[in-house]
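Here is what each chain is made of, one letter per residue.
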Amino acid sequence: MTERRQLHLNLFVYPGGHHEAAWRHHGTDPDRLLDIGFYQELARTAERATFDAVFFADGPSQADNVRYASRFRLEPFTWLSAIAAATERIGLIATASTTYTEPYNLARLFASLDHLSRGRAGWNIVTTGAPQAAGNFGLDAHPAHAERYDRADEFVDVVTRLWDSWEDEALIADQKSGLFADTDRIHPIDHEGRHFRVSGPLNTPRTPQGRPVYVQAGSSEDGRAFAARHAEAVFTAHQTLRSGQEFYADLKTRAAAFGRDPDRLLVLPGISPFIGSTEAEARALHREFDELTQPEYSLELLHRLLGVRLTAEQLDGPVPRELVETGGERGNGSRFQLVLDIIDRERPTVRQLLHRLAGARGHRVVAGTPEQIADQLQEWFEHGAADGFNVMPPWLPGGFDLFTEHVVPILRRRGLFRTEYRGTTLRDHYGLPRPTGRRLALTSPKEHA
């Protein structure tokens, strides 16, 4: 009998919550946003709810809008190491940039996290879209979109070879014989490419998962091509079922064209739910958050996304679509296109658009009862738009508590979500195989590489 397909759920953690005004809401304690105990409690709540993973985003520069929002960054490996110590089963996914890190250092960091968590690490591979990051790394300019993805392709290849530079059998640790490692099974990689020269091998044994899970975020043309080649899970943003279906089908088709099993590439859109005992109550809660937004912050966000500078006097007028330039570097971004689609489809006022973006920076925001939220998750899951979701609570911890206490039980009753973990690693949770090392795959073609 074929086992029923089930949802995958991650908790996407953002300081305070995903609504831009979350830190101002009475349900949030901004004094705890730099307290690791706060995040450990969130992770334990997610683990009790048998979530697949907690996901912690990062970027190598200060956001311009920190004056009005909790947009600081904590270094994710330190953060996730502390989460690993406070949990046992939940996966640990961190963002790390291929543009502003080096392959050897990144390979060591993720290998260490995977070992110390006993196989729970995942790498969210990004190329970094923030141009201000360049000045933090001695660069005169942020590399162009295509150049960043070209570097990322080589970066992932180097990191993969480093993680495979120790064969599984290389670590002996035989106290009786005195042999700790079989050096015939530890190999240099001797990589020389356009962007990197790396000798190897890695100075860390092969990890419990073989390699951390490869996650990707980015839905541009370059991003889709990259995901189809490399990713095992994709974080994405879509506003409509149809858009989600088109992306899902396109990505699975591209993966198959590379000879990959499409079922081993999970598509996980973001969703930010406002939950109430009635739909009216949920919508009122959503409005309560929107009323805490600050126009100066929101207009700056819109300027960064679209390149159009608007003023408070224009808030209740239509978005001047004719001023938005679709060419150039900004036009390559998937979030840019998502915002344009909202404008073209809904014809909002500037204020309405700002409220749409305030909820989760372009990810889908829904308001309703627990049953209505579960219905929407099920619809996307069963109609070819998602393999699961990144849950993005509007505020923390209360927004996530509501989801785990009221929505998760409904999903379980419907047979859509697990009641207990069946494995110990993130690959187990995602239903992904442990990859065979590349060197062994050359002599064992039947193995999964």
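Before going further, it helps to spend a moment on the overall build of the chain. Each helix and strand in the chain was counted, giving 14 helices and 13 strands. A compact globule built from 449 residues should have a C-alpha radius of gyration of about 22 Å, and the chain, at 22 Å, falls within 12% of that. The proportion of buried residues among the 449 residues of the chain is 54%. Taking contacts inside the chain between residues at least 6 apart in sequence as the whole, the part at least 24 apart equals 78%. Working note: accessible area of the chain is about 19700 Å², and carbon and sulfur atoms make up 49% of it. Mean positive and mean negative side-chain charge positions of the chain (52 and 61 charges, respectively) differ by 2 Å.

The next point concerns the side chain of Glu20. Secondary-structure assignment places Glu20 in the loop between strand E1 (8–13) and helix H1 (36–48). What makes Glu20 buried here is its relative accessible area of 5%. When near neighbours in sequence (up to four residues on either side) are disregarded, Glu20 contacts Tyr68, Ala69, Arg71, Thr293, Gln294, Tyr297, Ser298, Leu301 and Ala358.

Following both chains from N to C, one finds helix H4 (residues 145–163) and helix H5 (residues 221–230) inclined at 10°, their axes separated by 10 Å at the closest point. Classified by the angle between their axes, H4 and H5 sit roughly parallel to one another. Judged by residue contacts, His145, Ala146, Tyr149, Ala152, Asp153 and Val156 of H4 engage Asp222, Gly223, Phe226, Arg229 and His230 from H5. Tallied by class, the residues present in the contact of H4 with H5 amount to five nonpolar, three polar and three charged.

On to the nonpolar core, then. In terms of nonpolar packing, the biggest core is built from 67 residues, with Phe51, Val54, Phe110, Trp123, Trp163, Phe403 and Leu411 touching the most fellow members. With eight residues, H4 is the single largest residue contributor to this core. Setting aside chain neighbours within four positions, we find Trp163 in contact with Ala107, Phe110, Ala111, Trp123, Leu202, Arg206, Gly210, Arg211, Pro212 and Tyr214. Residues Leu299, Leu301, Val324 and Val339 belong to the second largest nonpolar core, which totals 21 residues.

We now examine the environment of Ala22. Looking at the secondary structure, you find Ala22 in the loop between E1 and H1. Counting along the chain gives 337 residues from Ala22 to Gly359, while the straight-line C-alpha distance between them is 9.2 Å. In contact with Ala22, other than residues within four places in its own chain, are Gly16, Gly17, Thr28, Phe289, Pro394 and Trp395.

Let us look at the pattern of salt bridges. This model, assessed by the stated rule, comprises 30 salt bridges. Residue Arg32 pairs with Glu41 through a salt bridge whose shortest N-O separation is 3.2 Å. Measuring nitrogen to oxygen at the nearest pair gives 3.0 Å for the salt bridge that ties Arg254 to Glu221. Of this pair, Arg254 sits in helix H6 (residues 241–257) while Glu221 sits in helix H5; the two residues are 33 residues apart in sequence, bridging distant segments of the chain. In this structure, a network of salt bridges that share partners links the residues Asp164, Asp168, Arg206, Arg211 and Arg434.

The next subject is the packing of H1 against helix H12 (residues 398–413). Packing of H1 against H12 leaves a shortest axis separation of 10 Å and a crossing angle of 10°. It follows from the interaxial angle that H1 and H12 lie roughly parallel. Side by side, H1 and H12 meet where Leu42, Thr45, Ala46 and Arg48 of the first sit next to Phe400, Asp401, Thr404 and Arg412 of the second. Considering only residue class, the contact of H1 with H12 consists of three nonpolar, two polar and three charged.

Next up on the list: the environment of Ile271. Within the element layout of this structure, Ile271 appears in strand E11 (residues 266–275). Once the C-alpha coordinates of Ile271 and Leu33 are considered, the two residues, 238 residues apart in sequence, prove to be 22 Å apart. Excluding residues within four positions of it along the chain, Ile271 makes contact with Arg364, Val366, Leu377, Phe389, Asn390, Val391 and Met392.

Note that an α-helix has 3.6 residues per turn; residues three or four places apart therefore point the same way. In this model, helix H8 (residues 295–306) (twelve residues) spans 16 Å end to end at C-alpha, consistent with the 16 Å of a helix rising 1.5 Å per residue. Taken residue by residue, H8 has Tyr297, Ser298, Leu299, Leu301, Leu302, Leu305 and Leu306 as its buried positions. Looking one or two residues past H8, Gly307 carries a phi angle of roughly 80°, positive in sign.

This part covers empty space enclosed by the protein. A full pass over the atoms with the stated rule returns three cavities of 30 Å³ or more. Taken as a whole, the largest cavity spans an internal volume of roughly 50 Å³. Contributing to the lining of the largest cavity are Val13, Tyr14, Pro15, Phe56, Ala57, Asp58, Phe72, Arg73 and Leu74.

A word on the confidence of the model for the chain. Per-residue confidence for the chain gives a mean pLDDT of 91; residues scoring 70 or more make up 95%. Counting contacts from residues 442–449, a segment whose pLDDT is below 50, to residues more than four positions away or on other chains yields nine contacts.

To continue, consider the side chain of Asp387. Tracing the backbone shows Asp387 in the loop between helix H11 (370–382) and strand E13 (388–391). Here the side chain of Asp387 touches Tyr248 through a polar contact of 2.7 Å, side chain to side chain. Within the structure, Asp387 has its side chain in polar contact with the side chain of Lys252 (distance 3.1 Å). Those residues in contact with Asp387, other than ones at most four positions away along the chain, are Arg5, Gln6, Leu7, His8, Tyr248, Lys252, Leu265, Leu266, Val267, Leu268 and Phe381.

Rules used in this analysis
Residues numbered from 1 in each chain as written. Predicted model: local features only at pLDDT ≥ 70, side-chain atom pairs only at ≥ 80, totals over all residues. Heavy atoms only, no water. Helix = DSSP H or I, 4+ residues; strand = E, 2+ residues; numbered from the N terminus. Rg over C-alpha atoms; globule rule 2.2 N^0.38 Å. Buried < 20%, exposed > 50% of the residue type's maximum accessible area, 1.4 Å probe, protein only. Contact = heavy atoms within 4.5 Å. Areas by Shrake-Rupley, 256 points an atom, 1.4 Å probe, with all protein chains shown as cover. Lys, Arg positive; Asp, Glu negative; His and termini not counted. Charge placed at Lys NZ, Arg CZ, Asp CG, Glu CD. Axes fitted to C-alpha atoms, helices over the stretch in contact; angles between N-to-C directions. Parallel < 35°, antiparallel > 145°, perpendicular 65-115°, else oblique. Nonpolar A, V, L, I, M, F, W, Y, C, P; charged D, E, K, R; others polar. Core = buried A, V, L, I, M, F, W, Y, C linked by side-chain atoms within 4.5 Å. Salt bridge = Lys/Arg side-chain N within 4 Å of Asp/Glu carboxyl O. Expected span 1.5 Å × (residues − 1). 1 Å grid on protein atoms, 1.4 Å probe; cavity = no way out; pocket = protein on both sides within 12 Å on 5 of 7 lines; lining within 4 Å. Points joined across faces, edges and corners; volume = space filled by probe spheres on them. pLDDT = per-residue confidence, 0-100. Polar contact = N/O pair within 3.5 Å; in protein donor to acceptor, adjacent residues only side chain to side chain.

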